Amino acid sequence: MTDRFEPAARILKDHQYDSSKLIPILQKVQDEYKYLPEDIMRFIANELEISPAKVFGVATFFAHFAITPKGKHIIKVCNGTACHVKGSSFVINTVKDILKLKEGQDTTEDGFFTLECVSCLGACGLAPVMVLDDVVYGQITPAKAAELIDSIVKAEAQHGN
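Below, the structure is looked at part by part. (Residues numbered from 1 in each chain as written. Predicted model: local features only at pLDDT ≥ 70, side-chain atom pairs only at ≥ 80, totals over all residues. Heavy atoms only, no water.)

**Looking at the nonpolar core**
Alright, step 1. Leu22, Leu26, Val29, Ile44 and Val55 are the most contacted members of the largest nonpolar core, which has 22 residues in total.
Alright, step 2. Looking at this core, the elements with two or more residues in it are α1 (6–14), α2 (22–33), α3 (38–48) and α4 (52–61).
Alright, step 3. A total of 6 residues in this core trace back to one element, the largest contributor, which is α3.
Alright, step 4. Those residues in contact with leucine 22 that lie beyond four places of it in its chain are Ile44, Leu48, Ile50, Lys54, Val55 and Val58.
Alright, step 5. By size, the runner-up hydrophobic cluster in this structure holds 17 residues, among which are Val91, Phe113, Leu132 and Ile149. (Core = buried A, V, L, I, M, F, W, Y, C linked by side-chain atoms within 4.5 Å. Buried < 20%, exposed > 50% of the residue type's maximum accessible area, 1.4 Å probe, protein only. Helix = DSSP H or I, 4+ residues; strand = E, 2+ residues; numbered from the N terminus. Contact = heavy atoms within 4.5 Å.)

Rendered as structure tokens:
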């Protein structure tokens, strides 16, 4: 077994190779790898003696799971009713433009940012809402979103990351 599979093997062992614990296993694996790589999901299926289709099915059914790599910085913009009415689509479009995201692309080419448009962040009174690296920003405007992204880019440049 290569080093790449060791974290998944440890997680499986911690869960006693119990296929009924597939969701918590996948949650821990995603915490470790930051997403669910295809080869790791196949490894899990093999070790749990279940079909890869079952593992992929669970991974793609639940919105919490990501099957593609995410960026270092996660931007979530709410596009639920309250946020949409208050202009979240303008924020989303601005973020897409700043990050140069193409249609169907949610992570920048350099793997630095991921944009997720979500249906609710549970802060309707602050609409429109954006979450940047787990920090909630209410009454966000396109200009404020641009400032926040710019501040991260500048901070990372200072630290040489």
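**With respect to the pattern of salt bridges**
Alright, step 1. Evaluated as defined, the whole model comprises 7 salt bridges.
Alright, step 2. Between glutamate 109 and lysine 102 there is a salt bridge whose closest N-O contact spans 3.6 Å. The pair formed by glutamate 109 and lysine 102 is uniform in burial state, with each residue classed as exposed. (Salt bridge = Lys/Arg side-chain N within 4 Å of Asp/Glu carboxyl O.)

**Re α2**
Alright, step 1. Spanning 12 residues, α2 covers 16 Å between terminal C-alpha atoms, matching the ideal 16 Å at 1.5 Å per step.
Alright, step 2. Among the residues making up α2, those that are buried are Leu22, Ile25, Leu26, Val29, Gln30 and Tyr33. Seen along its axis, α2 keeps its buried residues to an arc of 135°; they face one direction.
Alright, step 3. Considering only its buried residues, α2 is in contact with α1, α3 and α4.
Alright, step 4. At the exit of α2 stands lysine 34, carrying a positive phi of roughly 75°. (Expected span 1.5 Å × (residues − 1). Arc of directions from axis to C-beta.)

**As for the packing of aromatic side chains**
Alright, step 1. Scanning the model with the defined rule gives 4 aromatic pairs in all.
Alright, step 2. Consider the rings of phenylalanine 5 and phenylalanine 43, whose centres lie 5.1 Å apart with planes at 50°: the pair is tilted. Of this pair, phenylalanine 5 sits in the segment before α1 while phenylalanine 43 is found in helix α3, placing the two residues 38 residues apart along the sequence.
Alright, step 3. The class of phenylalanine 43 is buried, set by a relative accessible area of 15%.
Alright, step 4. Among the aromatic side chains, those forming a connected cluster through ring pairs are Phe61, Phe62 and Phe65. (Phe/Tyr/Trp six-rings, centres within 6.5 Å; stacked < 30°, edge-to-face > 60°.)

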